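If you want the building blocks of each chain, they are given just below.
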Amino acid sequence: GEDVEQSLFLSVREGDSSVINCTYTDSSSTYLYWYKQEPGAGLQLLTYIFSNMDMKQDQRLTVLLNKKDKHLSLRIADTQTGDSAIYFCAESKGRANYGGSQGNLIFGKGTKLSVKP
Amino acid sequence: NAGVTQTPKFQVLKTGQSMTLQCAQDMNHNSMYWYRQDPGMGLRLIYYSASEGTTDKGEVPNGYNVSRLNKREFSLRLESAAPSQTSVYFCASSENRDRYSPLHFGNGTRLTVT
């Protein structure tokens, strides 16, 4: 199918690392994105990775991409209470599938990260 | 630089009433989108406009209409609101080049239909 899959909940203690996992479907996707949604707000682009990369690091964030397994992960080091939010994985559709009823990005249902002090 | 602006932020309607949700972007983006977000359902695309002058149905278009008024503005209309349309509505925009084209979201309109 065309679903992007994520686990719905993750709970960690402050200071620990968080790892949010995602599986996607379109092997021709060029970009994969992570969005963050804080309570009462819209989605903000957190980071992205191009499909020819295996890893991307940006301060406390590390994105790992396994193209063979179509698996994407977001690691947050030294997780803080301010990181509590819903995290969405999204894949860009391959050229052949651009547009259609899902537009140009397919979103997962989001992982709610709770950080306990 | 405001990004994507949605109005209103909150709205309560009675069943059968109509209303229009407004969205404007100041990033000179070509594409604009309307999503709804419901608990456990994630984001679902209602309509989108790949470029000025075009609109296309998304996954859940029934009960909605859209207008791409100009490059900046994309409105969503509920002609006869139903309780099933109680949701949080997000407008988004993107450059829509066929490469790196993330979506930029507004802060949402929280709609309750009684």
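Now for a quick tour of the structure. One numbering rule holds for all chains: residues counted from 1, following each sequence as written. The order in which chains are written sets their letters, starting at A; the order in which ligands are written sets their numbers, starting at 1. Local features in this predicted model are restricted to residues of pLDDT 70 or higher, and side-chain atom pairs are both shown and tallied only at a pLDDT of 80 or more, whereas totals for entire chains, interfaces and linings draw on every residue. Side-chain descriptors were evaluated using all non-hydrogen atoms of the structure, hydrogens and water having been removed beforehand.

**Examining the pattern of salt bridges**
All names here are of chain B. To keep it simple, the criterion reads: Only one rule defines a salt bridge in this text: a Lys or Arg side-chain nitrogen within 4 Å of an Asp or Glu carboxyl oxygen. Note on classification: 1.4 Å probe, protein chains only; a residue is buried when its accessible area is under 20% of the maximum for its type, exposed when over 50%, partly exposed between these limits.
Tallied over the full model, the rule gives six salt bridges over all chains. The partner of Arg-77 in a salt bridge is Glu-79, and the shortest N-O contact between them spans 3.1 Å. For Glu-79, a relative accessible area of 42% translates into the label partly exposed.

**Overview of unusual backbone geometry**
How we decide: Helical segments are the DSSP runs of H or I of at least four residues, strand segments are the runs of E of at least two, and each set is numbered from the N terminus.
That bond from Thr-7 of chain B to Pro-8 of chain B is cis: its omega, -5 degrees, falls within 30 degrees of zero. When you line up the elements, Pro-8 of chain B lands in the loop between β1 (4–7) and β2 (10–13). Phi at Lys-70 of chain A is positive, roughly 55 degrees, even though this residue is not glycine. Within the secondary structure, Lys-70 of chain A is located in the loop between β7 (61–66) and β8 (71–76).

**A short note on the environment of Ile-106 of chain A**
All names here are of chain A. Turning to its location among the elements, Ile-106 is positioned in strand β10 (residues 105–107). Here Ile-106 falls in the buried class, since its relative accessible area comes to 5%. Put simply, Ile-106 and Asp-3 are 103 residues apart on the chain and 7.6 Å apart in space, counted from C-alpha to C-alpha.

**Let's talk about the packing of aromatic side chains**
Filter applied, for reference: Ring geometry is summarised as follows: Phe, Tyr and Trp rings, the Trp one being its six-membered ring, pair when their centres sit within 6.5 Å, and such pairs are stacked at plane angles under 30 degrees, edge-to-face over 60 and tilted between the two. Definition used: whenever NZ (Lys) or CZ (Arg) falls within 6 Å of the ring centre and also within 35 degrees of the ring normal, the charge is taken to sit over that ring.
By the definition in use, this model includes 13 aromatic pairs over all chains. Between Tyr-64 of chain B and Tyr-89 of chain B, the aromatic rings sit 5.9 Å apart at their centres with planes inclined by 65 degrees, giving edge-to-face as the arrangement. Here Tyr-64 of chain B is found in strand β7 (residues 64–68), whereas its partner Tyr-89 of chain B is found in strand β9 (residues 87–94), with 25 residues between them in sequence. For the pair Tyr-64 of chain B and Tyr-89 of chain B, a shared accessibility class is recorded, and that class is buried. Aromatic ring contacts, followed pair by pair, group Tyr-31, Tyr-33, Tyr-35, Tyr-48, Phe-50 and Phe-107 of chain A together with Tyr-33, Tyr-35, Tyr-48, Phe-90 and Phe-105 of chain B into a single cluster. Across the ring face of Tyr-48 of chain A, the terminal group of Lys-56 of chain A is positioned such that the distance to the ring centre comes to 3.6 Å.

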